[in-house]
Structure formats: C-alpha cells, structure tokens
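Commentary on secondary and tertiary structure
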Number of protein chains: 2
Amino acid sequence: MVYLVGELSVRAGAEADFEAVVAELMREVRANEPEALLYQFAKARGRDGVYCVVESYASEAALEMHMAAPHLRAAMEKIAPLLTARPQIEKCDPVGAL
Amino acid sequence: MVYLVGELSVRAGAEADFEAVVAELMREVRANEPEALLYQFAKARGRDGVYCVVESYASEAALEMHMAAPHLRAAMEKIAPLLTARPQIEKCDPVGAL
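Residues numbered from 1 in each chain as written. Chains lettered and ligands numbered in written order. Predicted model: local features only at pLDDT ≥ 70, side-chain atom pairs only at ≥ 80, totals over all residues. Heavy atoms only, no water.

As named in an unreviewed UniProt entry, chain A is Quinol monooxygenase YgiN, taken from Rhizorhabdus histidinilytica.

When helices and strands are tallied, chain A shows 3 helices and 4 strands. In summary, chain A has a C-alpha radius of gyration of 13 Å against a globular reference of 13 Å for 98 residues, a match within 12%. Considering only C-alpha atoms, chain A reaches an extent of 40 × 30 × 20 Å along its principal axes. Taking all 98 residues of chain A together, 47% fall into the buried category. Within chain A, residue pairs in contact and separated by at least 24 positions form 69% of the contacts whose partners lie at least 6 positions apart. Carbon and sulfur atoms form 54% of the exposed surface of chain A, whose accessible area is close to 4900 Å². The centroid of the 10 positive side-chain charges in chain A is displaced by 5 Å from the centroid of its 15 negative side-chain charges. (Helix = DSSP H or I, 4+ residues; strand = E, 2+ residues; numbered from the N terminus. Rg over C-alpha atoms; globule rule 2.2 N^0.38 Å. Buried < 20%, exposed > 50% of the residue type's maximum accessible area, 1.4 Å probe, protein only. Contact = heavy atoms within 4.5 Å. Areas by Shrake-Rupley, 256 points an atom, 1.4 Å probe, with all protein chains shown as cover. Lys, Arg positive; Asp, Glu negative; His and termini not counted. Charge placed at Lys NZ, Arg CZ, Asp CG, Glu CD.)

A few words on the pairing of strand β3 (residues 50–57) of chain A. Residue and element names in this part refer to chain A. Burial of β3 is extensive: 8 of the 8 residues sit out of reach of the surface. Side-chain alternation along β3 places Val50, Cys52, Val54 and Ser56 on one buried face and Tyr51, Val53, Glu55 and Tyr57 on a second face that is also buried. As judged from the 8 bridges shared by strand β1 (residues 2–9) and β3, these two strands associate in the antiparallel manner. Bridging across to β3, tyrosine 3 finds its partner in serine 56. With 7 bridges connecting them, strand β2 (residues 36–44) and β3 associate as antiparallel partners. From the neighbouring strand, leucine 38 faces β3, where its bridge partner is serine 56. The turn linking β2 back onto β3 is made up of 5 residues, and glycine 46 within it adopts a positive phi angle of 80°. (Pairing = 2+ DSSP bridges.)

A word on the relation of the copies chain B and chain A. When chain B is fitted to chain A, the residual RMSD is 0.0 Å, and the transformation amounts to a turn of 180° plus an axial shift of 0.0 Å. In symmetry terms, the pair is related by a two-fold rotation axis. A symmetric contact is evident, with 100% of the interface residues of chain B recurring at the interface of chain A. (Least-squares fit on C-alpha atoms with pLDDT ≥ 70 in both.)

All names here are of chain B. Between its first and last C-alpha atoms helix α1 (residues 15–32) spans 25 Å; for 18 residues at 1.5 Å apiece the expected length is 26 Å, and the two agree. Buried within α1 we find Phe18, Val21, Val22, Ala23, Leu25, Met26 and Val29. On the buried face of α1, the contacting elements are β1 (2–9), β2 (36–44), β3 (50–57), α2 (60–68) and α3 (70–79). (Expected span 1.5 Å × (residues − 1).)

What follows is the structure, given as structure tokens:
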C-alpha cells in the first residue's frame, strides 16, 4: 500500500470552480480505479484557498495506473490555472500493521 | 466527517522508537474508537525522519473524543522528545460527495 498526501493552494475566487473539478475527479477515480482505496480532497480550516488531498493505493501499480489515467490528466489541465503554486505531494509508506 | 492531515519530523536515530509508539497508538485507536474511520501514520519517501499522519472521523464529537483519549495523551508524551519540531496538523472538511 502507498499513501499520497498533498496540499494545493487555490486562487481567491476560484474555489467553487476547483471544488467542482475535483468533485468530478473523485467520482471518476472511485468509478474507474478499484485499487484507489482512498481519494479525497478536503478544504483546510482557517486557511483561505488551501486544500489537502489524501489518497491511498493498494499497490505501486495502482498508483501508476492512476497517474496515467486520462481523467486525472483532464482534471489537472482544468486545475492548473486555478492554483497559485505547484501542488505539494508527499508519497508515504504506511507504518505498522494496516 | 472531518479529516486531519499532519506532518511530523523525527530526530535522526529515533525513527524506530517513533514507529513503535505510533504502531501501538494505531492499534489502540482502531480498537477503542469506532468513529475514527482512518488513522494511519506513514513514512515520507525521500525525506529522512519525516512522517505523515492521515486521520478521518465520522463526526466532530468523534474527533473530540480522540483528542481526549488517554492512549493519545500517553503516546504524545512518548513522542514529544523524539520530534525536532511541533507536529503540523491541518483540519480539513471533505469536498464533494463522500
């Protein structure tokens, strides 16, 4: 299993557009990627325009499949102009028993 | 539902002790907090001593119960001397359908 934890900063006024794109992306991932065990964007409390994303995949292959998925690429193209900086994404390996 | 996403920096050489404490804490949370839907520590790839934690709770009350839990307090006391800085914890509200 592998986890991805990320933080994204969205331009003021672009939050609604961003949330619409990632809501659709979450639907696509959940419908098409059975080994994506967790795929959730969430809005950080108290920090305007800051969102986190938490993802987990059953295997490295599942993560690679996600990274190559057309629905991800399409969403990233829509998201890029809405961001104030590159997303910060951390790949993490679970500690202890799962 | 509420998510917590955090990052912790562990002193060089203290990783094994840290992992043992959080492995036990994860067992305690999973055994005693049914509304803690996700509670996972993971080691960041490529960044020595950096760990992330991803947590989700079914309700605010479940998060408050977690924060007051004796097993959390006990673990934090063991972890504190192993860290190089205060943990950075972000509270986040999920976007879109769950």
